[in-house]
Amino acid sequence: MNIILLGPPGAGKGTQAQILVEKRGMIQLSTGDMLREAKDSGTEMGKVVADVMARGDLVTDEIVIGLIREKIQGENAGGFIFDGFPRTLAQADALAQLLEETGQTLDAVIELQVDDEILVSRIVGRAEEAAAAGQPVRADDNEESLKQRLMEYYKKTSPLIGYYYAKGQLTAVDGLGTIDEVSAAIDGKLG
């Protein structure tokens, strides 16, 4: 089973992906993790990624698709969870083409629906709690940065909701429940 987890920053996609990895043996394909891994790998693709990142440029869709191609042509265990990809309609089209070329399917797109104001207060509160406990806090886990990240999400990524809805692949769950409640809702959608 191959799925995409969609939702704004802080909605819990990474947390839910990890639960699916543990419960179902799926492989999480986080583009950020893949880029860091490639950069450090020393492979030809890794050298390209390292060069682009060293210049401070954005990694092209072609490079990201190339990294995903390498991953999905290997062991697929219980399927893949696309986390942080696709982010744009062009990337969604490229992913559809790649899956078709490799004889794979996209089985579900799970949208984690959240209320922005609750999300912002939850993330800021969590960051304040972590700081008070002496734990590391992400530099962008503050109200201003989070609102900027949300704006980018709505401009570039939220059109995917309509894209996958039109294809009959989108299903939504309430992303503001507890971790266990959201996990149970996702399980219910995946069967």
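Source: prediction; values computed, not measured. (Residues numbered from 1 in each chain as written. Predicted model: local features only at pLDDT ≥ 70, side-chain atom pairs only at ≥ 80, totals over all residues. Heavy atoms only, no water.)

Caption draft 1: Layout of the sheet that holds strand E1 (residues 3–6). Taken in spatial order, the five strands make up an open sheet running E2-E3-E1-E4-E5, and their pairing is parallel. Since the sheet does not close on itself, it has two edges, and those belong to strand E2 (27–30) and strand E5 (170–174), each with one partner. This sheet shows a mean twist of 25 degrees between the axes of neighbouring strands, independent of strand direction. Relative to strand E4 (residues 108–113), E1 runs parallel, the two sharing four bridges. Its bridge partner lying in E4, Ile 3 is registered against Ala 108. Most of the contacts of helix H8 (residues 159–166) go to E1, to which it runs at about 145 degrees, and overall it touches E1, E4 and E5. (Pairing = 2+ DSSP bridges. Helix = DSSP H or I, 4+ residues; strand = E, 2+ residues; numbered from the N terminus. Axes fitted to C-alpha atoms, helices over the stretch in contact; angles between N-to-C directions. Contact = heavy atoms within 4.5 Å.)

Caption draft 2: Looking closely at the pairing of E4. Counting buried positions along E4 yields five of six residues, so the element is predominantly enclosed. Alignment of E4 against E5, held across five bridges, turns out to be parallel. Looking at the pairing, Leu 112 lines up with Val 173 of E5. (Buried < 20%, exposed > 50% of the residue type's maximum accessible area, 1.4 Å probe, protein only.)

Caption draft 3: Inspection of the packing of aromatic side chains at higher detail. The tally for this structure, following the rule as stated, stands at two aromatic pairs. Each ring, one from Tyr 153 and one from Tyr 154, has its centre 5.2 Å from the other, and the planes form 75 degrees; the classification is edge-to-face. The class of Tyr 153 is buried, set by a relative accessible area of 6%. Where Tyr 163 meets Tyr 164, the ring centres are 4.8 Å apart and the plane angle is 85 degrees; that geometry is what we call edge-to-face. (Phe/Tyr/Trp six-rings, centres within 6.5 Å; stacked < 30°, edge-to-face > 60°.)

Caption draft 4: Seen up close, the nonpolar core. Among the nonpolar cores identified, the biggest contains 27 residues, and Ile 4, Leu 29, Ile 68, Ile 72, Phe 82 and Tyr 164 are the most heavily contacted of them. Within the residue set of this core, elements represented by two or more residues are E1, helix H2 (31–41), helix H3 (44–55), helix H4 (61–72), strand E3 (80–83), helix H5 (89–101) and H8. Sort the elements by how many residues they give to this core and H4 lands first, with six residues. When near neighbours in sequence (up to four residues on either side) are disregarded, Phe 82 contacts Asn 2, Ile 3, Ile 4, Leu 5, Leu 29, Ile 68, Ile 72, Leu 95 and Leu 99. The next biggest cluster of nonpolar side chains, apart from the first, holds 21 residues, and it includes Leu 20, Ala 108, Ile 110 and Ile 186. (Core = buried A, V, L, I, M, F, W, Y, C linked by side-chain atoms within 4.5 Å.)

Caption draft 5: Molecular detail of the packing of H2 against H4. Interaxial distance between H2 and H4 falls to 10 Å at its minimum, and their mutual angle equals 90 degrees. In this view, H2 runs roughly perpendicular relative to H4, as classed from their interaxial angle. Contact residues: H2 offers Thr 31, Met 34, Leu 35, Glu 37 and Ala 38, while H4 offers Val 64, Leu 67, Ile 68 and Lys 71. Taken together, the residues that form the contact of H2 with H4 break down as six nonpolar, one polar and two charged. (Parallel < 35°, antiparallel > 145°, perpendicular 65-115°, else oblique. Nonpolar A, V, L, I, M, F, W, Y, C, P; charged D, E, K, R; others polar.)

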